[in-house]
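The residues making up each chain are set out below.
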Amino acid sequence: MKKILAAALCLFALTGSAFAQTAPKELQMTGTVTENTSMVTIKNNNSPFDSVALHIADTTFVLQSSTGYYLSGNDIATNELVKAWYGPRLTRSLPPQGTADAIIAGAEGSRPAFTYFNIGKVEPREDGSVRVLNVNETQYVTLLPEVYPEAAELKPGDKMLLWYDVTTMSMPGQASP
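Scoring rules and cut-offs
Residues numbered from 1 in each chain as written. Predicted model: local features only at pLDDT ≥ 70, side-chain atom pairs only at ≥ 80, totals over all residues. Heavy atoms only, no water. Helix = DSSP H or I, 4+ residues; strand = E, 2+ residues; numbered from the N terminus. Pairing = 2+ DSSP bridges. Buried < 20%, exposed > 50% of the residue type's maximum accessible area, 1.4 Å probe, protein only. Contact = heavy atoms within 4.5 Å. Axes fitted to C-alpha atoms, helices over the stretch in contact; angles between N-to-C directions. Phe/Tyr/Trp six-rings, centres within 6.5 Å; stacked < 30°, edge-to-face > 60°. Lys NZ or Arg CZ within 6 Å of the ring centre and 35° of its normal.

Undergrad: Can you help me understand unusual backbone geometry in this one?
TA: Note: most peptide bonds trans; most residues except glycine with negative phi. Here the residue pair Leu 94 and Pro 95 is connected by a cis peptide bond, since its omega of -5 degrees sits within 30 degrees of zero. Within the secondary structure layout, Pro 95 lies in the loop between β4 (81–86) and β5 (97–105).

Given below as structure tokens:
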């Protein structure tokens, strides 16, 4: 009886871990800036996680969506639409606070929208291109040497700002800039 119970517990432990989901390594929120003081507070309608306050560090990418120009954190206006990427380390306050990795400010123009890409895996290809997978393993992007000549030098942990027109609906999605 003890052997059967032990075997059942082992089987339960193995199958339970197979269904466990990993926490995302990079979070993203699109919303409206409600406050820009020492940090940017972003709010949207996705309850219960409808707002986040983000500190802007020296390493934070801050761009204007329509032009691609770099901005300072103070250039982000209250009531402006933004898309922000940040790590999973947040305070247990309301709203939660963290550090922004990238903020794209303003409505998307007629050109493709920028996206922030934190590289988790790099796959060199025979044709000289490089295929990169983000840290959340939700998006592949193939970088051609004509588009980005230094693509072969990329490594996991590198961060990029990319823009592309179309991505596949597969999981993970696939795109080429």
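The rest of the description comes next.
Undergrad: I keep staring at the pairing of β5 and nothing clicks. Help me out?
TA: In this structure, strand β3 (residues 51–64) lies alongside β5, joined through 8 bridges in parallel fashion. Paired with Ile 56 across the bridge in β5 is Ala 100. The pairing of β4 with β5 spans 5 bridges and is classified as antiparallel. Within β5, the residue paired with Lys 83 across the bridge is Ile 104.

Undergrad: Before we go on, may I ask you to explain the environment of Asn 79 in this structure?
TA: Checked against the element boundaries, Asn 79 lands in the loop between β3 and β4. Residue Asn 79 is classed as exposed on the basis of its relative accessible area, which comes to 63%. When neighbours within four sequence positions are excluded, Asn 79 is seen to be in contact with Thr 32 and Val 33.

Undergrad: Please clarify how the environment of Pro 145 should be interpreted in this entry.
TA: Mapped onto the elements of the fold, Pro 145 is located in the loop between β8 (139–143) and β9 (159–163). With a relative accessible area of 31%, Pro 145 lands in the partly exposed category. When the C-alpha positions of Pro 145 and Asp 127 are compared, they lie 9.0 Å apart, and in sequence the two are 18 residues distant. Residues in contact with Pro 145, not counting those within four places in the same chain, are Asp 127, Gly 128 and Ser 129.

Undergrad: Where do I start with the sheet that holds β3 in this structure?
TA: Strand pairing in a sheet relies on backbone hydrogen bonds, with the paired strands running either antiparallel or parallel. What the 5 strands build is a closed barrel, ordered β1-β2-β3-β5-β4; its pairing is mixed. Here the average twist between neighbouring strands, direction ignored, is 55 degrees. Pairing between strand β2 (residues 40–43) and β3: 4 bridges, direction antiparallel. The partner of Ile 42 across the bridge, within β3, is Val 52.

Undergrad: Mind showing me how you'd approach the packing of aromatic side chains here?
TA: The full count for this structure, using the stated rule, is 2 aromatic pairs. With a centroid separation of 6.1 Å and an interplanar angle of 50 degrees, the aromatic rings of Phe 61 and Tyr 116 are classed as tilted. With Phe 61 in strand β3 and Tyr 116 in strand β6 (residues 114–124), this residue pair connects regions lying 55 residues apart in the sequence. Centre to centre, the rings of Trp 85 and Tyr 116 are 6.0 Å apart; their planes meet at 45 degrees, and the pair counts as tilted. Of this pair, Trp 85 sits in strand β4 while Tyr 116 sits in strand β6, placing them 31 residues apart in sequence. Classification of Trp 85 by relative accessible area gives buried; the value is 6%. Look at Tyr 116 and you get buried, because its relative accessible area is 5%. An aromatic cluster is built from Phe 61, Trp 85 and Tyr 116, whose rings are joined through pairwise contacts. Its guanidinium or amino end placed over the ring of Tyr 140, Arg 131 lies 3.6 Å from that ring's centre, counting from NZ or CZ.

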